[in-house]
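# Structural overview
Now for the letters of each chain:
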Amino acid sequence: MNYKKIKFKNSEGLDLSGYLELPLNRHPHSYVLFAHCFTCNKNFFAVKNIARALSAKGYGVLRFDFSGLGESDGEFANTTFSGNVEDLLAAADFLKQEYKAPEMLIGHSLGGAAVIFAAEKLSSVKSVVTIGAPSSPVHVKNLLKSSLEEIEEKGVAQVNVGGRNFTIKKKFLEDINTHDLTSFARDLKKAFLIMHSPQDSVVEISNAEALYKSVKHPKSFVSLDGADHLLTNNEDSEYAGSVIASWASRYLEIPEEKDLATKHQVVANLGEEGFTTQMRAGKHYFTADEPKSFGGEDFGPSPYELLSAGLAACTSMTIQMYARRKKWPLLNVETHVDHQKSHAEDCENCERNTAKIDVFAREIVLEGNLDEQQQQKLLEIADKCPVHRTLSNKVKITTQLKKI
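The text that follows walks through the structure, step by step, so that each part is easy to find. What you are looking at is a predicted structure, and each value in this text was computed from that prediction instead of being measured.

### Re the overall build of the chain
Counting its regular elements, the chain contains twelve helices and 15 strands. Projected onto its principal axes, the C-alpha coordinates of the chain cover approximately 85 × 55 × 40 Å. Burial statistics for the chain: of 404 residues in total, 45% are counted as buried. Taking as baseline every contact in the chain between residues at least 6 positions apart, the subset at least 24 positions apart corresponds to 64%. Approximately 22500 Å² of the chain is accessible, and the part contributed by carbon and sulfur atoms is 48%. Mean positive and mean negative side-chain charge positions of the chain (48 and 53 charges, respectively) differ by 7 Å.

See below:
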């Protein structure tokens, strides 16, 4: 997981709290804004699962608390549907100012209705996703049925939603009555993905049908068969996230990753900016980088860390291979390695012949019912691992330019 906790102000000057989910080993190629369901918050597990599934595919996802919920300022009693839309616009402006304007909006339940209204005011948004969304914000009245009369008469009432008590004011009901979602959606020129479960008992599947009919092409529908309204099963929310990531790639401009092809054992590719280096070793792809203190992004291990990793891996493998051949009870071997020199210092002085002696400090943990003699023998075997021998010997490196 790679995320940042952020705060930004809405149109009323209230501080809204959120998390920005980021890919582990690269900059996001696109940014996404997520609107949670009515009375939920940014930490709701379905929200987190979907955001993390997207960040694993290279998206940056901002999930935040609407005003009056979670860690955001404000009173929920003063919330309105229009206010939720304004909060989304404030979140989009934050992304635009600090990172990059969002290209996709995702909304769960009533949040799905909110993103449709927000999308009309955001030119950067190319795609909209709704999950279990009502075809009209007025649908939320179904959750308040037992208290509607009290709200109308007294102007306010305590209601229980999802086992928690909330104060709802009459202005909330008056506000949702002014939003005709299906009529509004007809004029939007965005790509739409509508996700809904046939078994949704809170917002019936007929709402998805009404939404689908109201929006223009390109539009898609995905049935979340077997899921409940809140996607309480982790598999359902993770599936939704992976489907959204694949679907959106058709409508967003995602840079094509360079295919690292080589006839050699290893290839490293680095462009003209930064130190984030794409690598391929055999069939395996990974990233190398420098720490932020040296101007890198820390998206992967440094070259010296990779060198130490090779020594650590080879040591553990060699010891375990020997123990297995001897049928010794070695349950697990763990090798820790430190290298005394930093790669940054070497690079700054690479034209000077002032190299210091490299010291790899290795610490080995052996688990199992081994006697003292067996432990000492395995310690000797560690010094015979191939990478250890390579590092101990004089190494010759030949270099030539390859014609493109």
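### Observations regarding the packing of aromatic side chains
Counted according to the given criterion, the structure contains 13 aromatic pairs. Ring geometry for phenylalanine 8 against phenylalanine 64: centres 5.5 Å apart, planes inclined by 70°, an arrangement best described as edge-to-face. Within this pair, whereas phenylalanine 8 is found in strand E1 (residues 3–9), its partner phenylalanine 64 is found in strand E4 (residues 59–64), the two being separated by 56 residues in sequence. Judged by its relative accessible area of 5%, phenylalanine 8 is buried. Taking 4.5 Å as the distance between ring centres and 25° as the angle between the ring planes, the aromatic pair formed by phenylalanine 117 and phenylalanine 184 counts as stacked. Of this pair, phenylalanine 117 sits in helix H3 (residues 110–119) while phenylalanine 184 sits in helix H6 (residues 181–185), and the two are 67 residues apart along the sequence. Look at phenylalanine 184 and you get partly exposed, because its relative accessible area is 24%. Three or more aromatic residues joined by ring pairs form one cluster here, namely Phe8, Tyr31, Phe64, Phe66, Phe94 and Tyr99.

### Re helix H1 (residues 45–55)
Burial analysis of H1 places eight of its eleven residues in the buried class, the great majority of the element. Taken together, the buried positions of H1 are Ala46, Val47, Asn49, Ile50, Ala51, Ala53, Leu54 and Ser55. The secondary structure elements touched by the buried residues of H1 are strand E2 (15–21), strand E3 (30–35), E4, strand E5 (104–108), strand E6 (127–131) and helix H8 (234–248).

### Considerations on the packing of H1 against H8
Where H1 meets H8, the closest approach of the two axes is 8 Å, and the angle between their N-to-C directions is 35°. H8 is crossed by H1, and the crossing has right-handed handedness. Residue-level contacts link Phe45, Ala46, Asn49, Ile50, Ala53 and Leu54 of H1 to Asn234, Ser237, Glu238, Ala240, Gly241, Ser242, Ile244 and Ala245 of H8. Considering only residue class, the contact of H1 with H8 consists of eight nonpolar, five polar and one charged.

### Notes on the pattern of salt bridges
One pass over the structure, following the stated rule, counts twelve salt bridges. The residue arginine 52 makes a salt bridge to glutamate 21 at a minimum N-O spacing of 3.2 Å. In this pair, arginine 52 sits in helix H1 while glutamate 21 sits in strand E2, placing the two residues 31 residues apart along the sequence. Given the relative accessible area of 26%, arginine 52 is considered partly exposed. Glutamate 103 is the salt-bridge partner of lysine 100, the closest N and O atoms lying 3.5 Å from each other. The class for glutamate 103 is buried, based on a relative accessible area of 6%. When salt bridges with common partners are traced through the structure, they connect Lys5, Lys42, Asp65 and Glu71 into a single cluster.

### Describing unusual backbone geometry
Of note, the amide linkage connecting histidine 217 to proline 218 takes the cis form, showing an omega dihedral of 5°. As for its position among the elements, proline 218 is in the loop between helix H7 (206–214) and strand E10 (219–223). Despite not being glycine, serine 109 shows a phi value in the positive range, around 60°. For serine 109, the position within the fold is in the loop between E5 and H3.

Cut-offs and rules
- Residues numbered from 1 in each chain as written.
- Predicted model: local features only at pLDDT ≥ 70, side-chain atom pairs only at ≥ 80, totals over all residues.
- Heavy atoms only, no water.
- Helix = DSSP H or I, 4+ residues; strand = E, 2+ residues; numbered from the N terminus.
- Buried < 20%, exposed > 50% of the residue type's maximum accessible area, 1.4 Å probe, protein only.
- Contact = heavy atoms within 4.5 Å.
- Areas by Shrake-Rupley, 256 points an atom, 1.4 Å probe, with all protein chains shown as cover.
- Lys, Arg positive; Asp, Glu negative; His and termini not counted.
- Charge placed at Lys NZ, Arg CZ, Asp CG, Glu CD.
- Phe/Tyr/Trp six-rings, centres within 6.5 Å; stacked < 30°, edge-to-face > 60°.
- Axes fitted to C-alpha atoms, helices over the stretch in contact; angles between N-to-C directions.
- Left-handed = near helix turned anticlockwise from the far one by under 90°.
- Nonpolar A, V, L, I, M, F, W, Y, C, P; charged D, E, K, R; others polar.
- Salt bridge = Lys/Arg side-chain N within 4 Å of Asp/Glu carboxyl O.

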